[in-house]
Amino acid sequence: DVKVTQSSRYLVKRTGEKVFLECVQDMDHENMFWYRQDPGLGLRLIYFSYDVKMKEKGDIPEGYSVSREKKERFSLILESASTNQTSMYLCASRSEDRLNQPQHFGDGTRLSIL
Amino acid sequence: AQKITQTQPGMFVQEKEAVTLDCTYDTSDQSYGLFWYKQPSSGEMIFLIYQGSYDEQNATEGRYSLNFQKARKSANLVISASQLGDSAMYFCAMREGQGGRRALTFGSGTRLQVQP
């Protein structure tokens, strides 16, 4: 089974802090994704990566950056956390680029910015 | 413009009855895939079922089936014989092919509550 592991289930940080959310997958997947989930808005794509050191912006990249130095690890960085970044963050990965491949998700990180 | 629309924020169903969760989508691609995910209160996203735009038959996976109406651009999830454990958020998602982006686009979700 595919395993996508997010480093924290719950995280509390203060405004202005630099925040790192880590995601690791164990299936050698090329593609990795970061979403945020807010009530009534569903999941919105922040960034994704299709290879080591490669990244593309999603729909809401402002205030975020990402890092993919190794194939199995994809990090989301909040450069200077703000209260409007309080949300649920979900990491996902997917293998090859065939259309019918589902994305496999981690358990999510509930981030609160005070 | 919304790519995926789920018009039912919340639904109730009695245990053992069937329920349909609505999903409409918007794309100009001929090749695309539609996915349904379940998210229990614990937060993990569980993949349920997939339908490809070229699939001639509606997808089925156990108690889950997809009512795919291509001309109407709808891909409704049908859950038969509901169980208490089906209570969760359900998300419809789409991936466009032919050079479309690699990530799924999600709808806003439907919260299903199964009543005993």
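Because the structure is a prediction, the values reported are computed rather than measured.

1. Overview of the overall build of chain A
For step 1, the next point in the chain: Helix and strand counts for chain A come out as zero helices and 11 strands.
For step 2, the next point in the chain: Relative to its length of 114 residues, chain A is compact, with a C-alpha radius of gyration of 13 Å against a globular reference of 13 Å.
For step 3, the next point in the chain: The C-alpha extent of chain A, read off along each of the three principal axes, is 40 × 30 × 25 Å.
For step 4, the next point in the chain: The proportion of buried residues among the 114 residues of chain A is 49%.
For step 5, the next point in the chain: Look at the contacts in chain A between residues 6 or more apart in sequence, and 55% of them connect residues 24 or more apart.
For step 6, the next point in the chain: About 5,600 Å² of surface is accessible on chain A, with carbon and sulfur atoms providing 47% of the total.
For step 7, the next point in the chain: Within chain A, the 17 negative side-chain charges are centred at a point lying 5 Å from the centre of the 17 positive side-chain charges.

2. A few points about the nonpolar core
All names here are of chain B.
For step 1, the next point in the chain: Among the nonpolar cores identified, the biggest contains 24 residues, and Tyr-25, Trp-36, Ile-49, Leu-77 and Tyr-90 are the most heavily contacted of them.
For step 2, the next point in the chain: Within the residue set of this core, elements represented by two or more residues are strand E3 (19-21), strand E5 (32-39), strand E6 (46-52), strand E8 (64-69), strand E9 (74-79), strand E10 (88-96) and strand E12 (110-115).
For step 3, the next point in the chain: When residues in this core are grouped by element, the largest group, four residues, is from E10.
For step 4, the next point in the chain: Those residues within four positions of Tyr-90 in sequence are excluded, and the remaining contacts are Gln-6, Leu-21, Trp-36, Tyr-37, Lys-38, Leu-48, Leu-77, Ile-79, Gly-109, Thr-110 and Leu-112.

3. Concerning the pattern of salt bridges
For step 1, the next point in the chain: Scanning the entire structure with this criterion turns up nine salt bridges over all chains.
For step 2, the next point in the chain: Between Asp38(A) and Arg36(A) there is a salt bridge, and its shortest N-O distance comes to 2.8 Å. This pair shows no difference in class: Asp38(A) is buried, exactly as Arg36(A) is.
For step 3, the next point in the chain: Salt-bridge contacts for Asp86(B) lead to Arg63(B); the nearest nitrogen and oxygen are separated by 2.8 Å. Of the two residues, Asp86(B) is situated in the loop between E9 and E10 and Arg63(B) in the loop between strand E7 (60-61) and E8; the sequence distance between them amounts to 23 residues.
For step 4, the next point in the chain: Judged by relative accessible area, Asp86(B) falls into the buried class, the value being 2%.
For step 5, the next point in the chain: Taken together, the salt bridges that share partners define one network made up of Asp28(A), Glu30(A) and Lys71(A).

4. Quick look at the interface of chain A and chain B
For step 1, the next point in the chain: Between chain A and chain B, the residue contacts involve 27 residues of the former and 24 residues of the latter.
For step 2, the next point in the chain: Both faces considered, chain A and chain B share a buried interface measuring about 1,900 Å² in area, 55% of it formed by carbon and sulfur atoms.
For step 3, the next point in the chain: For the chain A face of the interface with chain B, the top three residues by lost area are Leu43(A), Leu99(A) and Phe105(A), together amounting to 29%.
For step 4, the next point in the chain: Summed over the shared surface of chain A and chain B, the number is zero salt bridges.
For step 5, the next point in the chain: Our count for the chain A to chain B interface comes out at five residue pairs in polar contact (both at pLDDT 80 or more).
For step 6, the next point in the chain: Elements represented by at least two residues in the side of chain A that touches chain B include exactly strand E4 (31-38), strand E5 (42-51) and strand E9 (87-94) of chain A.
For step 7, the next point in the chain: A total of five residues in the side of chain A that touches chain B trace back to one element, the largest contributor, which is E5(A).
For step 8, the next point in the chain: For the side of chain A that touches chain B, the class distribution of residues is 12 nonpolar, eight polar and seven charged.

Rules and cut-offs
Throughout, residues of each chain are indexed from 1 in the direction in which the sequence is written. A letter from A marks each chain and a number from 1 marks each ligand, given out in the order of writing. Only residues with pLDDT of at least 70 are given local features in this predicted model, and only at 80 or more are side-chain atom pairs given and counted; all residues enter the totals for whole chains, interfaces and linings. Calculated side-chain values reflect all of the structure's heavy atoms, with hydrogen atoms and water omitted. Runs of H or I in DSSP of at least four residues are treated as helices and runs of E of at least two as strands, each being numbered from the N terminus. Computation of the radius of gyration draws on C-alpha atoms alone. For the globule rule, the value is 2.2 Å times the number of residues to the power 0.38. Three exposure classes are used, based on accessible area relative to the maximum for each residue type with a 1.4 Å probe and protein chains only: buried under 20%, partly exposed in between, and exposed over 50%. Note on definitions: a residue-residue contact is assigned when non-hydrogen atoms from the two residues lie within 4.5 Å. Accessibility throughout is a Shrake-Rupley quantity obtained with a 1.4 Å probe, and a residue counts as covered only by protein chains that appear here. In this count, Lys and Arg are taken as positive residues and Asp and Glu as negative ones, while His and the chain termini are left out. Just so you know, the charge point we use is NZ for Lys, CZ for Arg, CG for Asp and CD for Glu. Buried Ala, Val, Leu, Ile, Met, Phe, Trp, Tyr and Cys residues form a nonpolar core when they are joined through side-chain atoms within 4.5 Å. A carboxyl oxygen of Asp or Glu within 4 Å of a side-chain nitrogen of Lys or Arg is what we treat as a salt bridge. Here the buried area means the combined drop in accessible surface, using a 1.4 Å probe, for two parts upon being joined, counting both sides. Here a polar contact is recorded for every N or O atom pair within 3.5 Å, except that within protein the pair must consist of a potential hydrogen donor and a potential acceptor, and residues adjacent in sequence are included only if both atoms are side-chain atoms. For this scheme, ten residues count as nonpolar: Ala, Val, Leu, Ile, Met, Phe, Trp, Tyr, Cys and Pro. Four count as charged, namely Asp, Glu, Lys and Arg, and the remainder, Gly too, count as polar.

Read these as geometric descriptors, not functional statements.
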